[in-house]
Each structure stands twice: as C-alpha cells, then as structure tokens.
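Understanding the architecture of this molecule
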Amino acid sequence: MQPMLALNNVEVIYNDVVLVLKGLSLTVPEGRIVALLGSNGAGKSTTLKAISGLLKPENGEVTDGEIRFLGQPIHKKDAAEIVRMGIFQVLEGRRVFEHLTVEENLRAGAYTSGWKGFDEKLEMVYSYFPRLKERRRQVSGFLSGGEQQMLAIGRALMAHPKLIMLDEPSLGLAPLLVEEIFQIIRQINQDRGVTILLVEQNARLALESADYAYIMENGRIVLEGLPADLKDNPDVREFYLGLNEVGRRKSYREVKTYKRRKRWLS
Amino acid sequence: MEKFIQLTLSGIANGAIFALVALGFVLIYKSSDVINFAQGELLLIGAYLTYTTVEMIGLWWPIGVVIAVVLAAIIGVLVEQLVLRPLIGEPTISVIMVTIGLSLLLRAIIGGIWGVTPRTAPQFLPRDTITLFGANVGVDRLWAFALALTLFVLLTLFFRYSREGIAMRAVADDQQAALSMGISVKRVWAIAWAIAAVTASVGGILLMSIFGGVSGQIARVGLLVFPVVILGGLDSIPGAIVGGLIIGLLQSFAGGYLPPELGMGEVAPFIVLLLILLVRPYGLFGQRIIERV
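From a predicted model like this one, the values you see are computed outputs, not experimental measurements.

**Details of the overall build of chain A**
Helices and strands together make up the secondary structure of chain A, namely 12 helices and 10 strands. In terms of overall size, chain A behaves like a compact globule, its C-alpha atoms giving a radius of gyration of 19 Å where 266 residues would be expected to give roughly 18 Å. Dimensions of chain A, computed from the C-alpha atoms along their principal axes, are close to 55 × 40 × 35 Å. Pairs at least 24 apart in sequence give 67% of the contacts found in chain A among residues at least 6 apart. Distance between charge centroids for chain A: 3 Å, based on 37 positive and 34 negative side chains.

**With respect to the interface of chain B and chain A**
Note: interface size is frequently given as the accessible area lost on complex formation between the parts. On the chain A side, the residues contacting the 25 residues of chain B number 33 residues. When chain B packs against chain A, close to 2500 Å² is buried across both sides, 59% of that on carbon and sulfur atoms. For Asp174(B), the salt bridge is made with Arg95(A), and the minimal N-O distance between the two is 2.6 Å. Inspection of the chain B/chain A interface yields 8 residue pairs in polar contact (both at pLDDT 80 or more). Of all the secondary-structure elements, those providing two or more residues to the side of chain B that touches chain A are helix H5 (139–161), helix H6 (163–173) and helix H7 (175–180) of chain B. Looking at which element gives the most residues to the side of chain B that touches chain A, the answer is H6(B), with 7 residues. Residue composition of the side of chain B that touches chain A, by class: 11 nonpolar, 6 polar and 8 charged.

**Quick word on the environment of Leu224(B)**
Residue and element names in this part refer to chain B. When you line up the elements, Leu 224 lands in helix H9 (residues 220–232). What makes Leu 224 buried here is its relative accessible area of 7%. The spacing of Leu 224 and Gly 248 is 24 residues in sequence and 9.6 Å in space, taken between C-alpha atoms. Not counting residues up to four positions away in its chain, the partners in contact with Leu 224 are Phe 18, Ile 247, Gln 251, Pro 269 and Phe 270.

**A look at the packing of aromatic side chains**
Overall, the coordinates contain 7 aromatic pairs over all chains when judged by the stated rule. With a centroid separation of 5.4 Å and an interplanar angle of 70°, the aromatic rings of Tyr212(A) and Tyr214(A) are classed as edge-to-face. Accessibility expressed as a relative area gives 3% for Tyr214(A), which makes it buried. With a centroid separation of 5.5 Å and 5° between ring planes, the pair formed by Phe4(B) and Phe253(B) is classed as stacked. Residue Phe4(B) is located in helix H1 (residues 2–32), and its partner Phe253(B) is located in helix H10 (residues 237–257); the two are separated by 249 residues in the primary sequence.

**Remarks on the domain arrangement of chain A**
Residues and elements named next belong to chain A. Domains assigned within chain A are domain 1 (5–97 + 160–226) and domain 2 (233–266). With 11 residues of domain 1 at the interface, the matching set in domain 2 holds 7 residues. Remark: the boundary between domain 1 and domain 2 carries 0 salt bridges. Counting across the domain 1 and domain 2 interface gives 0 residue pairs in polar contact (both at pLDDT 80 or more). Secondary-structure elements contributing two or more residues to the side of domain 1 that touches domain 2 are helix H8 (203–209), strand E9 (212–217) and strand E10 (220–225). In the side of domain 1 that touches domain 2, the residues fall into 6 nonpolar, 3 polar and 2 charged.

**With respect to the packing of helix H2 (residues 39–56) of chain B against helix H4 (residues 92–114) of chain B**
Residue and element names in this part refer to chain B. Taken N-terminus to C-terminus, the directions of H2 and H4 make an angle of 15°; their axes are 10 Å apart at the nearest point. Here H2 lies roughly parallel to H4, going by the angle between them. Both H2 and H4 take part in a crossing whose hand is left-handed. Here Glu 41, Leu 44, Ile 45, Tyr 48, Leu 49, Tyr 51, Thr 52 and Met 56 of H2 come into contact with H4, specifically with Ser 103, Leu 106, Arg 107, Ile 110 and Trp 114. Broken down by class, the residue content of the contact of H2 with H4 amounts to 9 nonpolar, 2 polar and 2 charged.

**A short note on the pairing of strand E7 (residues 163–167) of chain A**
All names here are of chain A. Of all 5 residues that make up E7, 5 are buried, and the element is covered over most of its length. Of the two faces of E7, the one holding Leu 163, Met 165 and Asp 167 and the one holding Ile 164 and Leu 166 are both buried throughout. Sheet analysis places strand E6 (residues 87–90) next to E7, joined by 4 bridges and oriented parallel. Considered in E7, the bridge of Val 90 is made with Leu 166. Pairing between E7 and strand E8 (residues 195–200): 5 bridges, direction parallel. When the sheet's bridge partners are listed, Ile 164 is paired in E8 with Ile 196. With helix H7 (residues 175–192) bridging E7 and the parallel E8, this β-α-β connection has right-handed handedness.

**Overview of the sheet that holds E6(A)**
Residues and elements named next belong to chain A. Strand order across the open sheet formed by 6 strands is E6-E7-E8-E3-E9-E10, with mixed pairing between neighbours. Pairing within the sheet leaves two strands with one partner each, and these edge strands are E6 and E10. Each neighbouring strand pair of the sheet contributes to a mean axis angle of 20°, computed without reference to strand direction. Relative to E9, strand E3 (residues 33–38) runs parallel, the two being bridged by 5 bridges. Bridge assignment links Val 34 to a residue of E9, and that residue is Tyr 212. This element, H7, spans E3, E7 and E8 of the sheet and lies at about 155° to E8.

**Looking at the sheet that holds strand E2 (residues 18–28) of chain A**
Residue and element names in this part refer to chain A. Taken in spatial order, the 4 strands of this open sheet run E2-E1-E4-E5, and their pairing is antiparallel. Strand pairing shows two members of the sheet lacking a second neighbour, E2 and strand E5 (72–73), which therefore form its edges. The pairing of strand E1 (residues 5–14) with strand E4 (residues 60–69) spans 8 bridges and is antiparallel. Paired with Leu 7 across the strands is Ile 67, a residue of E4.

**Looking at unusual backbone geometry**
Residues and elements named next belong to chain A. Phi at Asn 15 takes a positive value of approximately 50°, unusual for a residue other than glycine. Residue class for Asn 15 comes out partly exposed when judged on its relative accessible area of 44%. Even without glycine at this site, Arg 95 takes up a positive phi of about 50°. Structurally, Arg 95 is set in the loop between E6 and helix H3 (102–109). A relative accessible area of 27% means that Arg 95 is categorised as partly exposed.

Cut-offs used in this document
Every chain begins its residue count from 1, and numbering advances along the sequence as written. The order in which chains are written sets their letters, starting at A; the order in which ligands are written sets their numbers, starting at 1. Local features in a predicted model are, by the rule used here, given only for residues with pLDDT of at least 70; side-chain atom pairs are given and counted only at 80 or more, and totals for whole chains, interfaces and linings are based on all residues. Computation of side-chain values covers all heavy atoms of the structure but excludes hydrogens and water. Numbering of helices and strands starts at the N terminus; helices are DSSP runs of H or I of at least 4 residues and strands are runs of E of at least 2. Only C-alpha atoms enter the radius of gyration; for comparison, a globular chain is expected to reach 2.2 Å times N to the power 0.38, where N is the number of residues. Any two residues whose heavy atoms approach within 4.5 Å at even a single point are treated as in contact. Positive residues here are Lys and Arg, negative ones are Asp and Glu, while His and the chain termini are left out of the count. Taken as the charge centre is NZ of Lys, CZ of Arg, CG of Asp or CD of Glu, depending on the residue. What counts as buried area is the accessible surface, traced by a 1.4 Å probe, that two parts surrender upon association, with contributions from both included. When a carboxyl oxygen of Asp or Glu lies within 4 Å of a side-chain nitrogen of Lys or Arg, that pair is called a salt bridge. By the criterion applied in these results, polar contacts are pairs of N or O atoms within 3.5 Å in which, for protein atoms, one can donate a hydrogen and the other can accept it, and in which residues neighboring in sequence qualify only through two side-chain atoms. Ten residues, namely Ala, Val, Leu, Ile, Met, Phe, Trp, Tyr, Cys and Pro, are considered nonpolar, four, namely Asp, Glu, Lys and Arg, are considered charged, and the remaining ones, Gly among them, are considered polar. The buried label goes to any residue with under 20% of its type's maximum accessible area, the exposed label to any with over 50%, and the partly exposed label to all in between, with areas taken from a 1.4 Å probe on protein chains only. Note on ring pairs: Phe, Tyr and Trp rings are taken, using the six-membered ring of Trp, and paired if centres are within 6.5 Å. Classes follow the plane angle, with under 30 degrees stacked, over 60 edge-to-face and the rest tilted. Domain segmentation is taken from an automatic or database assignment of domains. Between N-to-C directions, angles cover 0 to 180 degrees, with each direction set by a line fitted to C-alpha atoms, over the stretch in contact for helices. Any angle that is under 35 degrees is reported as roughly parallel, and any over 145 degrees as roughly antiparallel; angles of 65 to 115 degrees are reported as roughly perpendicular and all others as oblique. Rotating anticlockwise by less than a right angle from the far helix to the near helix defines a left-handed crossing, while the corresponding clockwise rotation defines a right-handed one. Strands are treated as partners if at least two bridges between them are detected by DSSP. When the strands point away from the viewer, a crossover counts as right-handed if the path from the first strand over the helix to the second runs clockwise.

Here it is in structure tokens:
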C-alpha cells in the first residue's frame, strides 16, 4: 500500500547556504503513530516545517527530493493549501493565541473548514479535553502549560486533519501531564484514525507510543525500525535512553565516549 | 456652563473621528507591525473622492459616499500589495521610511488630480443646530459621532465573531501559528489595509462636511493619530477609541478655554504625546506581554 506521507531524499537549505536536511527519507503509513527522534539541532522541526510549508517565512527551501502526501507532491504548495489537504502541524512550544479566548483559539483552528459543523467539532474537542470546556471563555494566555498544550492539540483537531504533526508535545510539562497528553494522543489516533507524526526528545515515551520510529542526526535518518527493536539496539539504549548494556543508568565516565561513538553513528 | 457643554460635545464628535482614523492605524500595526505614516493621506483620498462623486459628478450623496468608500478600500488594498508586500522581512525603519515616502507620493498625486487650492465641498450633513443640555450643537457633529459609533460596533462584531476577524486577531498574536492553521497572512494584511482605508476615508468625509471644504488641511488630522495611538497604546483597539475621545476633548477644551493666540488646541495633543512617552510608553491599554504566573 502506498504510504500516506512519503519524503524522498529531501534536502532543505536555509538562507541559500545552510544545509539542514541532507537527503532525508521517511514514510508515514495511514492510521499509525510514527515517531521521529533525535537530539537538538538534528533537523526534526525543519522536517516538519518542510512538510507543512512553513519553511518559506523562515527563509528555508526544499531544494531537492520530494514530499508526497496521498500521492500528490506538496513541497511546492503553500501552508494554507497544505492545511486544506489535511496536514496540521502543532508547533513546538504550544503557541496558543494568548490574547484570544480558548474558544476563539479553536475557531481560529477551524479557519480552513469554516463555521459549518463547528459546534459538533467543538464538542468533540471538549470530550477529549474537558478542562478546556471549563475554561472556554478564558483568555488562553493565562492557562497553565498543560492546558495550553491541550488547546494546541484541540486546535489541530478543529481542522479535521488526516495527519497531525506534533512537535515536542512534552516540552516544559510536568511528567504526569506528559503521560496524560500522550494518552490522549493515542486515543485520538485510535478513535478517529488520525495519523500522527510525532517529534520528541523524550525517547522513552515516544517509543512507547509509536508504531514505528526514525532516529535522525545531522539532517539524515540514521536508524529506523519498530520501537521494540530500537529499544534493544545498543546505540539507542546508550544515546537516547541513557542505559548501558546491563540496563543500569550509566555513569558520567562512560558519557565521555558519547562524542566519539556518535560520529560513527551518523 | 453652556460653553463647557458645547466644548464637550464638539470634542466628543471630533474625538470620534480621530478614533476612527486611529483605529485603521492600529489595525495595520497590529496585523503587520507597519507604522503607517500615510494615514492622513487616506483621509484625503476619501474626502476628494467624495468631492468628485458628489460635487463634480453630481450623484446623490449617500451613493457618492458609498462609491468613494469602496474606491478608497480598493486603493488601500493596492497600496498594501504594491508598496508594502515587497517589504516583508525588511527592518522596521525601512518600512517607516517607505510609508513616509508613500504619504508624499499620495499627496502629490492628489495635488496633481484635484489641485492644491482648497475647494468648497458638499455639506450633505444637516447644518442646523439643536439645543442639547442647554447648549447649541451642530447636528452635523452629532451625525459624525453616530456614524463613527456605528462603525465601531460593526467592527467589534466583525473581530469577535467573523472568521476573518478572528483570523486577524490570531495573526496579530502569532503569525507563524496562524500560518500553521492555514490562515493566509497576506489576506489578513489586505483586509487590514482595506478597513484602515475605509475608516480613514469615512473620517475624511465627515471632516469635509464639517469644515465645508476639502484641502490638505484634512490630512493634518492624520498627524493627530500619533498622540491618539500613543495615548491609547499602539496595538489596542479600545485604546484607539478612548485615546481618540480624550484627545478630541483635550483639543476642544484647550482651544476653547486657553487664550486663542497660544494656539493650544493644536499643541496640547502633542504635549500629551510627549508626557505619555515619558511616563507610560505602552499607552493606556497597550499590550505588555502576558506573563503566566
């Protein structure tokens, strides 16, 4: 079966000089949760922005390769068109509209799909996030971090997307809240069949939720596989889960080998 | 007492016009961070277009006004597309220089088409006076106030409930996030300029009717936008309204009570501008970034 989303040898250059993605390829099958892991600066967010068409305002450009969504090339389309095709990116750091109320934020999320069916969609979002319903008239700048993340995800649901791309939903949240949000993400995936592409630094959590995972470094995919296999891979265990062969946390002395071994990895 | 009421009412009427003009300015600033020094010329455009449709062509005035306002909106959108869109991503100071240039250009074009000598204009608002709270007030001032108020209410509803209105506020808050949900930022800018041109030209038309003439003098009200928005807060719509009323009243009282040879009516708003910048640079209602506690 043809995958829902396919990136083939994608190259992204910022400001005409900085090469950020160096021939990246990955596929996202329909109805699954795919995780994209990697350290800071590996190019995870750039990958998402290349897909959603948000590179242009940042002076970035897909210079080579292609991105196909449901069989159609999308790397030349602008962000609004891509949203209308069914891809919705939840930006890193929540990015709610601080001076709009919760409900107005959700209305903004429904921008492309218009006002019809709005109330049902609103109820659907509130059923996943009852806390947002309690605060529907509040200005969202005053919500807690967790509630803002819920609002950001709810806003994505309002657009009725086929694919939601989540950029670090765990960023800056308390561990309990992170668990809660991941649970809801899995639930949305199961109930609604929404495909999810998840970018995370929290590798343990991401590997628990995903059906398939990619690990990227320096603008390339260096490893991929089923989460269970990746969890057993000694490199992943050491670099991303912080465990050594015996499964204990490792000591600082061993961390020093990190740089040397990492070069080999990429 | 009678003088006080008279000054208050005319101050409020003028203030409502200032507020209208300032509102367009705030909209442009909020959605695109552009400080528009050509706001005064947008007033002139509205006034001269109405002068053309009503006085020169001889249309019935409501039709003439509507045509003029629609044309002004189109000009606003064109200005945005041709002049400001290529400047996306350029430093603020370049954009400011361009809007100053734009104001000179528009002024020259207007001078080229209609000439620079003042013209007597159609006074379509009724000229008679009525007695209100024991003072004589021109009915045209009341009309101006009522019209401005209606526009405010319509715009408030637009921003609160319509799809484009909410999109505009979203863009003002976080452009990238707005883009990520498929909101077209370019479209929002075009709408902001269209609304700015409409409110400004309505302001210009009202002033023309009150002054009974069109000339470059009307554009001077565009300069008053700065005390208004600095007082109200550059990015606050309620601020533009309150600021407009305060500056209108201030101008009226300063002109009415202080010796006329001081010309305080003209100067007072700018004294306020300086004071506000010293004491409260973000204005009465301007946004300081919300900090979560």
